[in-house]
Amino acid sequence: MNAVNSEAEKLEKIHELEIRKIELELQLEELRLELSVAGNANQPRDLSSADSVSPPPKAEIINITGRMQGEEKLRNTIALTDAAFESIHNGILVVSLEGIILRTNGKFAEMWCIPGEIFSSADDKKLLDYILEQLADPEGFIAKVSEMYSKPHAESVDMIHFKDGRIFERISKPMCLGGQPIGRVWSFLDITDRIRAEEESREVGTNYLGLFNAIQQAIYIQNPDLTFINVNQGAVDMYGYDREYFTGKTPEFLSAPGKNDLNRLNELADLAFNGHPQKYEFWGKKKDGTIFPKEVWTVKGKYFGTDVLISVASDISDRVHAEKALQESEAIYHHLVLKLPDGVYKSSHEGKFIDVNPAMVLMLGYTSKEDLMAIDIKKQLYFEPTDRESLILQERLQETGVYQLKKKDGAAIWVEDKGWYNLDEQGNILSHEGIIRDITERKHAEELMQLSEERYRTIVDNVGEGVGFVNADDRFEFANIAAEEIFGVSSGGLVGLSLEQFVSAELYRSVQKETALRMKGIKSVYELDIRRPNNEIRTIIITAVPLTDKEKGFIGTYGVFRDITTRKEIEKKLKREQYLLHTLMNNIPDHIYFKDCESRFIRINKAHAALFGLGDPELAIGKTDFDFFTEEHAHQAYEDEQEIIRTGQSIRKEEKETWDDRPDTWVLTTKMPLTDKDNKIIGTFGISMNIDERKKAEAEIQLKNEELLRINSEKDKFFSIIAHDLRSPFNGFLGLTEIMAEEITTMTMAEIQKYAIVMRTSATNLYSLLGNLLEWSRMQRGLTTFEPKSFLLMQKILESMVYVLEGAVKKKISISYDIPENLEVYADKNMVGGIIRNLVSNAVKFTPKGGNITISAKSVHGNLIEISIKDSGIGMNTNMVDHLFRLDINTSRTGTEGEHSTGLGLILCKDFVEKHGGKLWVESEVEKGSTFRFTLPGKKKRP
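Criteria and cut-off values
Residues numbered from 1 in each chain as written. Predicted model: local features only at pLDDT ≥ 70, side-chain atom pairs only at ≥ 80, totals over all residues. Heavy atoms only, no water. Helix = DSSP H or I, 4+ residues; strand = E, 2+ residues; numbered from the N terminus. Buried < 20%, exposed > 50% of the residue type's maximum accessible area, 1.4 Å probe, protein only. Expected span 1.5 Å × (residues − 1). Arc of directions from axis to C-beta. Contact = heavy atoms within 4.5 Å. Core = buried A, V, L, I, M, F, W, Y, C linked by side-chain atoms within 4.5 Å. Pairing = 2+ DSSP bridges. Axes fitted to C-alpha atoms, helices over the stretch in contact; angles between N-to-C directions. Patch = residues over 30% accessible without salt bridge, like charges linked within 9 Å, V, L, I, M, F, W, Y side chains within 5 Å. Areas by Shrake-Rupley, 256 points an atom, 1.4 Å probe, with all protein chains shown as cover. Salt bridge = Lys/Arg side-chain N within 4 Å of Asp/Glu carboxyl O. Lys, Arg positive; Asp, Glu negative; His and termini not counted. Charge placed at Lys NZ, Arg CZ, Asp CG, Glu CD. Polar contact = N/O pair within 3.5 Å; in protein donor to acceptor, adjacent residues only side chain to side chain. Phe/Tyr/Trp six-rings, centres within 6.5 Å; stacked < 30°, edge-to-face > 60°. Lys NZ or Arg CZ within 6 Å of the ring centre and 35° of its normal. Left-handed = near helix turned anticlockwise from the far one by under 90°. Nonpolar A, V, L, I, M, F, W, Y, C, P; charged D, E, K, R; others polar. pLDDT = per-residue confidence, 0-100. Parallel < 35°, antiparallel > 145°, perpendicular 65-115°, else oblique.

### A look at the overall build of the protein chain
Within the protein chain, the secondary structure is distributed over 30 helices and 32 strands. Here the protein chain holds 943 residues, and 38% of them are scored as buried.

Put into structure tokens, the structure is as follows:
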């Protein structure tokens, strides 16, 4: 592309040289004419002619040396023009307004393959016919030529195509003399190779771009200083910013505040650029404010021939959350094990403890965990080593074992052991785990119960349930007090009676069938409606256990009776409640759902079914969130529910439901563990309420609050500036005018002049402050006009310097410039002038006498112009630099000569620069000066 620009510049120079050459030739001809006239004037006159009566002219010597030298200079200039004309790689054709060929260069004949005899014939028509024969569209060529000659002042650039596949770029410009067109210059550049290269480049670029954007991870292409050159669609999706927004920025704008070490990030970039790929974690902040972790892999690579850094990033939020949840779960488990009053153990299959909790150590009478873990379990813990093998069998059957263990002092304790085992892939036992509870006292109690029939009877008589024994003839032989109360008889009133006396004939046949089961040794539980002697109907549930004798066989039934009349009534009410619940679920607008331990739906209400697009809630049974939501949301919901199942803790949170075929929705979700009658968690249930409207309102309120805070902060600063910075100049004015009013009659002219200078300085500071306040106020209220145009930067800077040169001269500060004369910017002239005035004024203000200021500018990447104002002043510390552009923090200070400063000028400059899409920053060191840099758009390219 640089080569093309170079050729275009050469072509522009050719036009200028050709026109200049013609002008020089005309000047040379005029000079010759003047010399001829001067020569005639010096010839002897004929005194006999009619003019001899006139007085003779005064003697006069005409010195034509200067003219001769001018003629020689013109010839030399024309010669140089000819040489340049012939050295250009473009073919040049100069034609008069009448279409007569005035001149061509050698390259023209070479490009058009024109034989020498055609040129020597000087036949314009023959030359034109020869040219047209080579073109793919001769009519279009002639039409363009005719159009240009019909518009003498017009310019054009187009392409012409040859039959043999070549392509020329054709440029036509008028050739003027004295502002009037006298002909036309045509130039031709062979761009065949360039066009083909561009087509190939576009094809390669298209394939590359498709692959680049097809990768789901975020890919960043960066300069060694980490500024973004390009990003793929994955990066756009990850952060929510447009692709163009990344260009020219560094990862700092993506960094979550306080979460990353940006200096370390630069060190890793240097290592990667030096051939050592780096992998690290980085906390990012999305456009919507979401903070998330990502894993980044950075390597050195090539991008269009340039060494760059290529980074690939993946969102690891799920992994980080899972790790955190695991850590919390492990901490809870560890705390539970340590505090549990029951013993918890893990042992090897060979008989060594791997781990025990404090309760286990205390239970077995050992002094420490290490003391207990050192024993041989089979020999030192069990009274019989074979007992352990039987317990292992129980663990395989997943039963709870009750057995004796030997304490350290040899004493025996009874324990209840809920144990299990861990297997390898081949089914071999790796280790044993379990929970042991000391039940020594309970065992002693059981033994005492067995030894004391009287105590047993006392217990039976005082239990809450009825207990009785019915012989083989279905007649009561024994009943406790509770059983007598259930059947409504007096003490001893059941003995000798049969169930037949308390039920209808039909129900008694059912009782006989149950008795037949007992005779076969079968235990059963059944319900029965009995009629008490007072005709009151009660519903009881009977647990019937057969009693057998080795000699006699079946001898009767032990029965446990429980009056469930109240429970049955409750069940009726429960059914009604269930009906009401069912009605509520199917009519409530919120989404209600129940899930099993695998997060499969076991029931949902109609509102939830409608959300899924299902006509019947039953269609959701057995499905999961993965069947309806996006994988991202379904996975998060699954993790939440599994956490509830693990911990038994409910959750309540706002969450975003994401869909593949519709916009995302926001809900307020409450999820709780679902337990059975034994309080064992068997799943989860939850209710989700749509809060889309509330979220929209909250977002709007948040934006309004932020805007209000910003406005209040700026208002407070604005009032503070007015109250503080306007008071000082006015106080000065009042003091000076009071002195002059009271003492002017006694003051000398020198004193009056001194006070006048002070007043002028105050007036200047006040004027500058009021100007900045006015501009800042207009900017904040959106009243500042913004009219960007292309203009020469140096010229505008010189115009703006008029307002600050006086202060620099007084302090003997030298100002130098390093700005290309032809450097253009595309910006608002007034705003650029304000930026230059404020920044240079600050440089003068904080630079001591005899210092220097340098104003420079250069083109940088991205069609930007970087402008810098560097001074040798007092500089600033890091804290002042960090707060320099904040309106809510006062960073103003006086200049080296006591000049007043408010800091508002810099804030105004920052607003102006950002209005152009640029950036303003400062580099400063105490006592070593400051450099303010800012960027503006470069020269606007032609469409």
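### Details of helix α10 (residues 262–273)
Given a rise of 1.5 Å per residue, twelve residues ought to cover 16 Å, and the 16 Å separating the end C-alpha atoms of α10 matches this to within 8%. Restricting attention to buried positions, one finds in α10 the residues L265, L268, A269, A272 and F273. Taken around the axis of α10, the buried residues stretch over an arc of 135 degrees, which confines them to a single face. Against β8 (278–285), β9 (291–303) and β10 (306–315) lie the buried residues of α10. Of the residues trailing α10, G275 is marked for its positive phi of about 95 degrees.

### Description of the nonpolar core
In terms of nonpolar packing, the biggest core is built from 41 residues, with L793, I869 and F934 touching the most fellow members. If one sorts the elements of this core by residue count, helix α28 (residues 829–845) sits on top with eight residues. Dropping the residues within four chain positions of it, I869 is found in contact with L839, V840, A843, I853, T854, I855, S930, T931, F932 and F934. Of all hydrophobic cores here, the second largest spans 23 residues; its members include L226, V231, L265 and F292.

### A closer look at the environment of G365
Relative to the helices and strands, G365 is located in the loop between α12 (358–363) and α13 (369–373). Assessed through its relative accessible area of 38%, G365 is described here as partly exposed. G365 sits 46 residues away from A411 along the chain, and the two C-alpha atoms are 9.3 Å apart. Ignoring anything within four residues of it in the chain, the contact list for G365 reads K407 and K408.

### Let's talk about the sheet that holds strand β4 (residues 167–177)
Across the sheet, which stays open at both edges, the five strands sit in the order β2-β1-β5-β4-β3 with antiparallel pairing between neighbours. Sheet topology places β2 (101–104) and β3 (156–161) at the edges, where each strand pairs with a single neighbour. Averaged over neighbouring strand pairs, the angle between their axes works out to 25 degrees when direction is ignored. Where strand β1 (residues 91–96) meets strand β5 (residues 180–190), six bridges bridge the pair, whose relative direction is antiparallel. Directly across from V94, in β5, lies its bridge partner V185. Contacts between helix α6 (residues 138–150) and the sheet are confined to β1, β3, β4 and β5, with β5 contributing the most and set at about 150 degrees to the helix.

### Observations regarding a negative patch on the surface
Negative charge collects at one region of the surface, where D315, D318, E632 and D664 lie side by side. Summarising the element assignment, E632 is placed in helix α22 (residues 631–647). On the basis of relative accessibility, which here comes to 64%, the residue E632 falls in the exposed class.

### A look at the environment of I645
Along the chain, I645 falls in helix α22. As for I645 and T675, which are separated by 30 residues in sequence, their C-alpha atoms are 9.7 Å apart. Those residues within four positions of I645 in sequence are excluded, and the remaining contacts are D596, C597, I681, G683 and T684.

### Side note on the pattern of salt bridges
Summed over the entire model, instances satisfying the criterion amount to 42 salt bridges. Of the charged contacts, one joins D164 and R166 as a salt bridge, the two residues approaching to 3.0 Å between their closest N and O atoms. By relative accessible area, which is 53% here, D164 ends up exposed. For E641, the salt bridge goes to K595, with nearest N and O atoms at 2.7 Å.

### As for a nonpolar patch on the surface
Taken together, L798, L805, V809 and Y817 make up a surface patch of nonpolar side chains, about 340 Å² in accessible area. The class for L798 is partly exposed, based on a relative accessible area of 41%.

### Some thoughts on the side chain of Q222
One can find Q222 in strand β6 (residues 218–222). On the basis of relative accessible area, Q222 is assigned to the buried category, the value being 4%. Separated by 3.1 Å, the side chain of Q222 and the backbone oxygen of L226 make a polar contact. At 3.2 Å, the side chain of Q222 and the side chain of S311 are in polar contact. Residues within four places of Q222 in sequence aside, it is in contact with T227, F228, I229, P251, V308, L309 and S311.

### A word on helix α20 (residues 565–587)
Over its 23 residues, α20 extends 33 Å from the first C-alpha to the last, a length consistent with the 33 Å expected when each residue adds 1.5 Å. Here α20 has its buried residues at T565, M585 and N586. Buried residues belonging to α20 abut β19 (537–549), β20 (553–563), β21 (591–596), β22 (601–604) and α21 (606–611).

### Some details on the packing of aromatic side chains
Remark: the centre distance and the inter-plane angle together describe each pair of aromatic rings, the angle taken between the planes. Enumeration over the complete set of coordinates arrives at 31 aromatic pairs. With a centroid separation of 5.4 Å and 50 degrees between ring planes, the pair formed by Y220 and F228 is classed as tilted. Across this residue pair, the class does not change: Y220 and F228 are buried. Among the aromatic residues, ring-to-ring pairing joins Y220, F228, Y239, Y241, Y245, F246, F253 and F292 into one connected group. Lying over the aromatic face of W659, R662 brings its terminal NZ or CZ to 3.9 Å of the ring centre. Over the aromatic face of F846 sits the side chain of R893, whose NZ or CZ is 5.1 Å from the ring centroid.

### Considering the packing of α28 against helix α30 (residues 904–915)
Direction vectors running N to C along α28 and α30 enclose 145 degrees, while the axes themselves pass 9 Å from each other. The chirality of how α28 crosses α30 is left-handed. Residues M831, G834, I835, N838, L839 and N842 of α28 form the contact with α30, whose own contacting residues are G905, L906, L908, C909, F912, V913 and K915. Looking at the contact of α28 with α30 residue by residue, the classes come out as eight nonpolar, four polar and one charged.

### A word on the pairing of strand β15 (residues 429–438)
Remember that side chains alternate between the two faces of the sheet whenever the strand is regular. Two strands pair when backbone bridges link them, and strand β11 (residues 343–348) and β15 are joined in this way by six bridges, in the antiparallel orientation. Residue pairing across strands places G343 opposite I436, the latter belonging to β15. Pairing analysis gives nine bridges linking strand β14 (residues 412–423) to β15, with the strands arranged antiparallel. Paired with G419 across the bridge in β15 is G434.

### A closer look at the confidence of the model for the protein chain
Looking at the protein chain, pLDDT values average 81 and 80% of them are 70 or higher. Per-element mean pLDDT across the protein chain ranges from 49 in helix α1 (residues 2–41) up to 96 in strand β30 (residues 864–871). Low confidence marks residues 1–5, where pLDDT is under 50. Its contacts with residues over four positions away, or in another chain, come to one contact.

### Quick notes on the sheet that holds strand β16 (residues 466–471)
Ordered by their spatial adjacency, five strands build an open sheet running β17-β16-β20-β19-β18, and the pairing between neighbours is antiparallel. Edge strands, defined here as strands with exactly one partner in the open sheet, are β17 (476–479) and β18 (524–531). Within the sheet, the average angular offset between the axes of one strand and its neighbour, ignoring direction, is 30 degrees. Pairing between β16 and β17: three bridges, direction antiparallel. Looking at the pairing, V470 lines up with F476 of β17. Helix-sheet contacts for helix α19 (residues 505–519) involve β18, β19 and β20, and the interaxial angle to β18 is about 150 degrees.

### Some remarks on the side chain of R518
With respect to the helices and strands, R518 occurs in helix α19. In contact with R518, not counting residues within four places along its chain, are K523, S524, Y526, A544, V545, P546, F554 and T557.

### A few points about the packing of helix α26 (residues 793–801) against α28
The relative placement of two packed helices comes down to the angle between their axes together with the axis-to-axis distance. Closest axis-to-axis distance for the α26/α28 pair is 9 Å, and the angle between their directions is 55 degrees. As judged from the angle between their axes, α26 and α28 are oblique. Once α26 is placed against α28, the crossing between them reads as right-handed. Counted together, K796, I797, S800 and M801 of α26 and K829, V832, G833, I836, R837 and V840 of α28 form the full contact between these two elements.

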